[in-house]
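Structure assessment
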Amino acid sequence: MPAKSTTKGARPAPAVASSSASSASPESVPKVTRIVFTALLLDILAFTIILPLFPRLLQFYRDSEHGDQTSLLAWSLSRLTEFQSAIGLNDAKTPSSSSIKRPPKMDIVLLGGALGSLFSVLQFIASPIIGKLSDILGRRRVLLISMLGNLISCAVWLFSSTFDLFVLSRIIGGLSEGNVQLSIAMISDITTPATRSKGLAMVGIAFAIAFTVGPALGAYFANKDLVAAFPGLAQYGLHPFSGSALLALVLLTVESLYLYARLPETNSESWRVAVQQTVQQESADDASSFSAPSTTTSGATTTKSTSTSSAPTSHLDQEKIQALQQSYLSRLSFTHFAHLFLFSGMEFTLTFLTFHLFDFSHMQQGALLGYIGILSSLLQGGYVRRRAHIVGEKRMVLQGMVAAALGLGSIALVSGGGGSAATTLLGGKSVLPGYVIEAISWLDTQEWSRKTRMWGLYAGATGLAVTSATVVNCLTSLASLVCDMGSNDSLLSPSSSSTTVTTTKKQPIGKGLALGRFRSWGQLGRAAGPIAACSLYWILPEVRKLPIRTRAAASAASGKKSQ
């Protein structure tokens, strides 16, 4: 009789009956991937609806609770005022050398950033728990439970006429949001190492599309005042932004019904067998044609046609496999944290920079961010999804980081102060060659036209789009591949039929838990990055010396030259 054993914390989830559940087979992978992608797109659309509303929404709460010094909003604004004073921002008409005048509505901007960080901190706490539960109860069941929490969160926002209720809705949403990490886990369940990056790129595409379309939908429906249409509901907490909340609630309701009707359970023995069949077929096809050179990545070894990270590992001790997995996942998690810490900080301060230096309007800000989102979506669909398994995930991560460095360098140069800021940060002792320092200094002194600076800004944005399309997706793919180490000891018996397996070992580490921890560290970086970047932005002396390149300042400068 075939021996079967399970690893603690990684036992197979019970099958969930569903009349529409796809059969576990290689032919079903595209169908299940489409289901996951569609649901994830609806989920992120609902999430991004609120993003452009934060300033006006928080201003609404500030106006409606004006004078109430005992409210949560008053306490929050008081703490933010102390924070601004600590970093040198004040309301003095004549700023000193150690302080500068606080930009208009700075407290509202910081409060919006604090709420965004709160959501990410809650995700840092909840992600490993959600992942662990999905290993035990099944992806489908846990996802539906998390959707219930999201629906409650949107329902509370719909009737949150006070800031306290709005914060409560964000807390519920932060603790229950699990669609992204479970989508990653489900795609990892049904794909082979050779097709893993191709499948996970769909997650990035969903993000890019949603972050391009969702904010526009939110801004449009914010103009639909439900209070005016249903004045009788105002006593229950309906507010001017309830239209956007209702749209998010409808999207999440449709997503929940869609998942209940169409999504099969992927954390099952039948899917593991189907994936192993595909891996064996890929290996057989590869052996019959040619032996492809391998490309080693952080924690996973991939080839141009398949991956050896799931090769039989019966000769390895199970504890050694787990130790290797923990080591690789720790490195990847730290890299994920560091990247999102820096990248999210850049995202948060980029709008400050373009407003501060280029006098960007809301339309121009939206055009710049939309350009990054659309280009990122195209790159993920056209490059990452098709080439990641050929180029190698590690190499793509490096490409994305190099693109980020070049992009940020371009933005720094066209903004002015890039060379002097770099020298200041290095304490006057640069490790760069002298000719590089001279080149940067020369570029820094050039008085380029506004049009030239716009070209440089968008060139930098192109580099950031490449980073957005590659780094997180490929890091996630690497973490998923690490979870597969030692899991392919359950192979089809040569003398058995295609439906019979000899299971000797299960996956050494639960994929849901591992990916949940990986994502949680990224969320911690996303929470801390904006706070650190905002503080650094206003604390650095070199930032305070940057020229204000508004149209009025440009006109004044040209007037002085003509005189």
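Residues numbered from 1 in each chain as written. Predicted model: local features only at pLDDT ≥ 70, side-chain atom pairs only at ≥ 80, totals over all residues. Heavy atoms only, no water.

The name recorded for the chain in an unreviewed UniProt entry is Major facilitator superfamily (MFS) profile domain-containing protein, from Linnemannia schmuckeri. In its Subcellular location (unreviewed entry) section, the UniProt record describing the chain reads: "Membrane". (UniProt positions renumbered as here; feature names shortened; annotations may be inferred.)

**Observations regarding the overall build of the chain**
Of the regular secondary structure elements, the chain holds 20 helices and 6 strands. Taken as a whole, the chain presents about 25,700 Å² of accessible surface, with 66% of it coming from carbon and sulfur. (Helix = DSSP H or I, 4+ residues; strand = E, 2+ residues; numbered from the N terminus. Areas by Shrake-Rupley, 256 points an atom, 1.4 Å probe, with all protein chains shown as cover.)

**Re helix α10 (residues 242–262)**
The end-to-end C-alpha distance of α10 is 30 Å, a good match for the 30 Å that 21 residues give at a rise of 1.5 Å each. Those residues of α10 that sit buried are Ser242, Gly243, Ser244, Ala245, Leu247, Ala248, Leu249, Leu251, Leu252, Glu255, Ser256 and Leu259. Residues of α10 that are buried make contact with α1 (29–48), α5 (139–158), α7 (179–190), α8 (196–221) and α9 (226–229). (Expected span 1.5 Å × (residues − 1). Buried < 20%, exposed > 50% of the residue type's maximum accessible area, 1.4 Å probe, protein only. Contact = heavy atoms within 4.5 Å.)

**Some points on the environment of arginine 453**
With respect to the helices and strands, the residue arginine 453 is situated in helix α17 (residues 450–483). Between the C-alpha atoms of arginine 453 and serine 415, which are 38 residues apart in sequence, the distance is 7.3 Å.

**Here we look at the packing of aromatic side chains**
Under the defined criterion, the tally for this structure stands at 13 aromatic pairs. Through successive ring pairs, a cluster of aromatic residues spans Phe54, Phe60, Tyr61, Phe163, Phe166 and Phe241. Positioned above the aromatic ring of tyrosine 260 is the side chain of arginine 140, whose terminal nitrogen or guanidinium carbon lies 5.3 Å from the ring centre. (Phe/Tyr/Trp six-rings, centres within 6.5 Å; stacked < 30°, edge-to-face > 60°. Lys NZ or Arg CZ within 6 Å of the ring centre and 35° of its normal.)

**Here's the deal with the side chain of threonine 191**
With respect to the element layout, threonine 191 can be found in the loop between α7 and α8. Residue threonine 191 is classed as buried on the basis of its relative accessible area of 4%. Polar side-chain contacts of threonine 191 include one of 2.8 Å to the side chain of arginine 196. (Polar contact = N/O pair within 3.5 Å; in protein donor to acceptor, adjacent residues only side chain to side chain.)

**Quick notes on the nonpolar core**
Counting 107 residues, the largest nonpolar core has Leu58, Trp157, Phe163 and Phe166 as the members making the most contacts within it. When near neighbours in sequence (up to four residues on either side) are disregarded, phenylalanine 163 contacts Leu58, Tyr61, Glu65, Leu72, Leu73, Ser76, Leu111 and Leu115. (Core = buried A, V, L, I, M, F, W, Y, C linked by side-chain atoms within 4.5 Å.)

**Structural notes on α1**
In a regular helix each residue adds 1.5 Å, so 20 residues correspond to 28 Å; α1 covers 28 Å between its end C-alpha atoms and thus fits that length. Most of α1 sits inside the fold, with 15 of its 20 residues counted as buried.

**Overview of the packing of helix α14 (residues 393–415) against α17**
Packing of α14 against α17 brings their axes to within 7 Å, and their N-to-C directions diverge by 155°. The angle between the axes of α14 and α17 places the two elements in the roughly antiparallel class. Crossing geometry of α14 relative to α17 is assigned as left-handed. (Axes fitted to C-alpha atoms, helices over the stretch in contact; angles between N-to-C directions. Parallel < 35°, antiparallel > 145°, perpendicular 65-115°, else oblique. Left-handed = near helix turned anticlockwise from the far one by under 90°.)

**Let's talk about the pattern of salt bridges**
According to the stated counting rule, one finds 7 salt bridges in the structure shown. The shortest N-O distance in the salt bridge between arginine 196 and aspartate 484 comes to 2.8 Å. In this pair, arginine 196 is assigned in helix α8 and aspartate 484 in the loop between α17 and β5 (491–492), connecting sequence segments 288 residues apart. Each member of the pair, arginine 196 as well as aspartate 484, carries the same accessibility label: buried. Each of Asp135, Arg139 and Asp189 takes part in one network of salt bridges that share partners. (Salt bridge = Lys/Arg side-chain N within 4 Å of Asp/Glu carboxyl O.)

**Quick word on the confidence of the model for the chain**
Low-pLDDT portions of the prediction should not be read for the details of their coordinates. For the chain, the average pLDDT comes to 77, and 72% of its residues sit at 70 or higher. Predicted confidence in the chain is weakest over β5, with a mean pLDDT of 38, and strongest over α5, with 96. Counting interchain partners and residues more than four positions distant, the pLDDT-below-50 stretch residues 548–554 has 18 contacts. (pLDDT = per-residue confidence, 0-100.)

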